[in-house]
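The residues making up each chain are set out below.
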Amino acid sequence: MTEVDTLRLERLRDKMQAAGLDALVCRLAENVVYLTDYWPHHGFSVAVLARDSKPLLFVPEVEAEYIDPAWAEVLPFGWGLLKDSDLYQNYRRLLAEARDKLGLKGARVGVEKSFEVVGSTYRAAEPVVPAAPWAALLDEVFTQAHLVDATPVLQEARAVKTDYQLRKLRIANEIAEMGMRAFLSRLEPGMTEVQVGALIEHKIRADGPGTKGARLVRASAEISAGPVGSAKATLLIPSTTRVIQEGDLVMAEVATVVDGYWSDLTTMAVAGEPTPRQREVYNAVLEAQQAAAQHMRAGESWSAPDEAARAVLNKAGLGQYFVHITGHGVGLRYHEFIPFLMPGATGTLEAGMVSSVEPGVYIPGFGGIRIEDNVAVGVDGPIFLSTPRQPW
């Protein structure tokens, strides 16, 4: 029997009620996944949720077979072929029908006004982002309603993951680690950064689909190598054609998405055998990461994991080289905004929140080392969704 994650919809409806919202209209892929567990292919799907009814999902006919009808009432429409009417004519018709069916005249309807960083659709080569024409259409269809920015409601509801979502995120991490294992086993001097990245992506794309029910899998791997390249990787930078040399530190930052659920991992290796200094710095970063992870428990502040990581690196004489935050939310997007594990953050960790835990140091003339896992907040301590690293 199909499992429907009713707990997350109940949480969302509670947030909607507290904000005085009668319904949500969502078109961004990440929110369509949240409401219906369906990751759009092309970006033209729309999910509508009222506080007291099953979600409605408008979807191009070509995608309809991928949707589980237990999650939503599926309403296919023609798109993209000569037989099909204009996309916005279909939207106008479907939204008007939903408005009338759900009794939304005079209602407060939440829409996605303030999302400026968005998760991709499956067709990452051509993202579709709603803009002025979509906003004008909503104004037209809901002229007798009140359109309200639902961004805070959606972000807060999405921040706490259910057991169902944690299982999905664990699968995404397991598939990501297929690529990481290929990286660790096949890395050798003479390869270029782009070749290593392609190796990781190939493994994930080739072997991920079918793993524990996974259907749609994408990956993006960026490789930073050597004393200069890895030291520049304080933020995500593109792989280059630089040839990896014997003894180089090699950093692999990998984003993997499986049916709309994301993994964000960073793994380190050396092309050859690590030097004593490379081992020393790596193990200090690993100790900092593990110390941070121990504070991923309900009731801790968002700043506590960051403080723990910095204490370890300061003691090791490396604190000055730790120049970014310790972590960020992960879930239906590569980077979510709740929580942020950073100095001075005043939020409180709740059971079910998921964050990257990724301290790193970037030393001029030596290189950069970052270790990143995805960790859920537990009542009694951290829940690793990826496999913790081992000392060198």
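Peer 1: Looking at this model, I keep getting lost on the side chain of glutamine 289. Mind explaining?
Peer 2: By the element assignment, glutamine 289 lies in helix H9 (residues 276-293). There is a polar contact of 2.8 Å between the side chain of glutamine 289 and the side chain of aspartate 373. Dropping the residues within four chain positions of it, glutamine 289 is found in contact with Val357, Pro359, Ile371, Glu372 and Asp373.

Peer 1: Hey, could you run me through empty space enclosed by the protein in this one?
Peer 2: Summed over all chains, the structure comprises 2 cavities of 30 Å³ or more. By volume, the largest cavity is sized at about 60 Å³. As for the largest cavity, its lining consists of Gln155, Arg158, Ala159, Arg333, Glu336, Phe337 and Ile338. Counting only elements with at least two residues in the lining of the largest cavity, the list comes to helix H5 (151-159) and strand S11 (336-341). Taken together, the residues of the lining of the largest cavity sort by class into 3 nonpolar, 1 polar and 3 charged. Residue assignment for the lining of the second largest cavity shows that the elements contributing at least two residues are strand S7 (217-225) and strand S8 (249-258). Broken down by class, the residue content of the lining of the second largest cavity amounts to 5 nonpolar, 1 polar and 3 charged.

Peer 1: Whenever I open this one, the layout of surface pockets confuses me. Can you help?
Peer 2: The space that makes up the largest pocket amounts to roughly 310 Å³. For the largest pocket, the lining is made up of 16 residues, of which Asp37, Tyr66, Lys168, Arg215 and Asp259 are closest to its centre. Here the residues of the lining of the largest pocket sort into 8 nonpolar, 2 polar and 6 charged.

Peer 1: How should I be thinking about the pairing of strand S15 (residues 373-377) in this particular structure?
Peer 2: Remember that side chains alternate between the two faces of the sheet whenever the strand is regular. S15 sits mainly inside the fold: 5 of its 5 residues count as buried. Inspection of the sheet shows strand S12 (residues 354-357) paired to S15 by 4 bridges, in the antiparallel sense. Across the sheet, residue valine 357 finds its bridge partner in S15, namely aspartate 373. Sheet topology note: the S15/strand S16 (residues 382-384) ladder contains 3 bridges and is antiparallel. Residue pairing across strands places alanine 376 opposite isoleucine 383, the latter belonging to S16. A loop of 4 residues connects S15 with S16, the two strands running antiparallel in sequence, and glycine 381 in this loop sits at a positive phi of about 155°.

Peer 1: Explain H9 to me, please; I cannot follow it from the model alone.
Peer 2: Since the α-helix advances by 3.6 residues per turn, residues separated by three or four positions end up pointing in the same direction. Taking 1.5 Å of rise per residue, the 18 residues of H9 would be expected to cover 26 Å, and the 26 Å separating its terminal C-alpha atoms lies within 8% of that figure. For H9, the full list of buried residues reads Gln278, Val281, Tyr282, Ala284, Val285, Leu286, Ala288, Gln289, Ala292 and Ala293.

Peer 1: What is the right way to read helix H10 (residues 303-315) from this model?
Peer 2: Taking 1.5 Å per residue as the helical rise, H10 with its 13 residues ought to reach 18 Å, and the 18 Å between its terminal C-alpha atoms agrees with that figure. Those residues of H10 lying buried are Ser303, Ala304, Pro305, Asp306, Ala308, Ala309, Arg310, Val312 and Leu313. Where H10 is buried, its residues meet H9, S11 and strand S13 (360-363). Immediately beyond the C-terminal end of H10, within one or two residues, lies glycine 317, with a positive phi of roughly 75°.

Peer 1: Mind showing me how you'd approach the nonpolar core here?
Peer 2: For soluble globular proteins, nonpolar side chains are generally found buried alongside one another. The biggest cluster of nonpolar side chains holds 42 residues, and the ones touching the most others in it are Leu12, Leu24 and Leu57. What leucine 12 contacts, discounting residues up to four positions off in sequence, is Leu24, Tyr34, Leu35, Leu49, Val153, Leu154 and Ala157. Listed in part, the 37 residues of the second largest apolar core include Met251, Val270, Leu341 and Ile363.

Peer 1: Mind showing me how you'd approach the environment of valine 148 here?
Peer 2: Relative to the elements of secondary structure, valine 148 occurs in strand S6 (residues 146-149). For the pair formed by valine 148 and valine 111, sequence separation is 37 residues and the distance between their alpha carbons is 6.1 Å.

Criteria and cut-off values
Residues numbered from 1 in each chain as written. Predicted model: local features only at pLDDT ≥ 70, side-chain atom pairs only at ≥ 80, totals over all residues. Heavy atoms only, no water. Helix = DSSP H or I, 4+ residues; strand = E, 2+ residues; numbered from the N terminus. Polar contact = N/O pair within 3.5 Å; in protein donor to acceptor, adjacent residues only side chain to side chain. Contact = heavy atoms within 4.5 Å. 1 Å grid on protein atoms, 1.4 Å probe; cavity = no way out; pocket = protein on both sides within 12 Å on 5 of 7 lines; lining within 4 Å. Points joined across faces, edges and corners; volume = space filled by probe spheres on them. Nonpolar A, V, L, I, M, F, W, Y, C, P; charged D, E, K, R; others polar. Buried < 20%, exposed > 50% of the residue type's maximum accessible area, 1.4 Å probe, protein only. Pairing = 2+ DSSP bridges. Expected span 1.5 Å × (residues − 1). Core = buried A, V, L, I, M, F, W, Y, C linked by side-chain atoms within 4.5 Å.

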